[in-house]
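Read off the chains here:
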Amino acid sequence: MSKYTLTYFDFPAWRGEVPRMCFSFGGVDFEDKRWSFEEFGTKKGELPFGQLPVMHVDGKVVAQTGGIIRLAAKKGGLYSDDEYKAAKIDEVIDYASDITYALTPSILEKDETLKLEMRKEFLKEKLPKYFSSLENLLKANGSPKYFVGDSLTAADLVIWCLVGWMSGGKLDGIPTDCIKPYVLLEEAVKAVDEDPRVVEWKKKYPKHYSS
């Protein structure tokens, strides 16, 4: 049996949280390393691309989010053996990266006035496209609670984490009700939130999920 070690920060951003959840939901034994920013600063040079998350499989490293989530989802039973459905799960993972990258410049901006202006532009010019496209995926799937197939997959967890971050009140200038106009997306996020496995996960880490 392979030994898995996942290293990320101690907060629930989707890049690290989703593989944690996939492993845990599937009962897969893994080491959950949670670095402080100070520890990351001292060890960044040891990482293949100078970033987290990374996963070690029997001591060998994987260092990109997509590969990490796919591996964890396969082991945790939250992927698909069907090649089309597997590709659709990958599609959602990659689109979540697109959305995250679109927000990254405002996250890195140190001027607070400029930061808010960038967020305002994001809300007006980009968020409608992103959230509408996600709703179109839900419609096309024919099972409005899920992005792929008729049961929970890593794709659903990714969007749940991403939307939770965006609407969680931690991004100045992004309103907590930004998802409200997107009824299908809101319902899909709610379905994940009410999944018994997710409910238990939130109870296990209350500091990250307390309202």
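Note that the structure is predicted; figures quoted are calculated from it, not measured.

**Description of helix α3 (residues 65-76)**
Residues separated by three or four positions in an α-helix point in the same direction, a consequence of the helix having 3.6 residues per turn.
At step 1: In a regular helix each residue adds 1.5 Å, so 12 residues correspond to 16 Å; α3 covers 16 Å between its end C-alpha atoms and thus fits that length.
At step 2: Turning to α3, its buried residues are Thr65, Gly66, Ile68, Ile69, Ala72, Ala73 and Gly76. Buried residues of α3, seen end-on, are gathered within an arc of 160 degrees and therefore sit on one face of the element.
At step 3: Once α3 finishes, Gly77 follows within two positions and takes phi at roughly 75 degrees, a positive value.

**Some words on the packing of aromatic side chains**
For any pair of aromatic rings, geometry is given as the distance between the ring centres together with the angle between the planes.
At step 1: Applying the stated criterion across every chain, the model contains 14 aromatic pairs.
At step 2: Centre to centre, the rings of Phe25 and Trp201 are 6.3 Å apart; their planes meet at 85 degrees, and the pair counts as edge-to-face. Taken together, the positions of Phe25 in helix α1 (residues 14-25) and Trp201 in helix α8 (residues 196-204) put the pair 176 residues apart, joining distant regions of the chain. Summarising the burial analysis for this pair, Phe25 and Trp201 share the class buried.
At step 3: Taken together, a centroid distance of 5.4 Å and an interplanar angle of 85 degrees make the contact between Phe131 and Tyr182 edge-to-face. Here Phe131 is found in helix α5 (residues 112-141), whereas its partner Tyr182 is found in the loop between α6 (154-166) and α7 (183-193), with 51 residues between them in sequence. Neither Phe131 nor Tyr182 differs from the other in exposure class; each is buried.
At step 4: Ring-pair connections join several aromatic residues into one group, and the members of that group are Tyr8, Phe9, Phe11, Phe37 and Phe40.
At step 5: Here the guanidinium or amino end of Arg34 rests over the ring plane of Tyr205, the centre of that ring lying 4.6 Å away.

**So, the packing of helix α4 (residues 83-108) against α5**
At step 1: Running from N to C, α4 and α5 cross one another at 170 degrees; their axes reach a closest spacing of 9 Å. With respect to each other, α4 and α5 are oriented roughly antiparallel. When α4 is examined against α5, the residues Lys88, Glu91, Val92, Tyr95, Asp98, Ile99, Ala102, Leu103, Pro105, Ser106 and Ile107 are found in contact with a partner set consisting of Lys115, Met118, Arg119, Phe122, Lys126, Lys129, Tyr130, Ser133, Leu134 and Leu137.
At step 2: Among the residues making up the contact of α4 with α5, the classes are represented as 12 nonpolar, two polar and seven charged.

**Quick notes on unusual backbone geometry**
At step 1: Look at the link from Leu52 to Pro53: it is a cis peptide, with omega at 10 degrees.
At step 2: Along the chain, Pro53 falls in the loop between α2 (37-43) and β3 (54-57).
At step 3: Notably, Asp58 is not glycine yet its phi reads approximately 50 degrees, a positive angle.

Procedures and definitions
- Residues numbered from 1 in each chain as written.
- Predicted model: local features only at pLDDT ≥ 70, side-chain atom pairs only at ≥ 80, totals over all residues.
- Heavy atoms only, no water.
- Helix = DSSP H or I, 4+ residues; strand = E, 2+ residues; numbered from the N terminus.
- Expected span 1.5 Å × (residues − 1).
- Buried < 20%, exposed > 50% of the residue type's maximum accessible area, 1.4 Å probe, protein only.
- Arc of directions from axis to C-beta.
- Phe/Tyr/Trp six-rings, centres within 6.5 Å; stacked < 30°, edge-to-face > 60°.
- Lys NZ or Arg CZ within 6 Å of the ring centre and 35° of its normal.
- Axes fitted to C-alpha atoms, helices over the stretch in contact; angles between N-to-C directions.
- Parallel < 35°, antiparallel > 145°, perpendicular 65-115°, else oblique.
- Contact = heavy atoms within 4.5 Å.
- Nonpolar A, V, L, I, M, F, W, Y, C, P; charged D, E, K, R; others polar.

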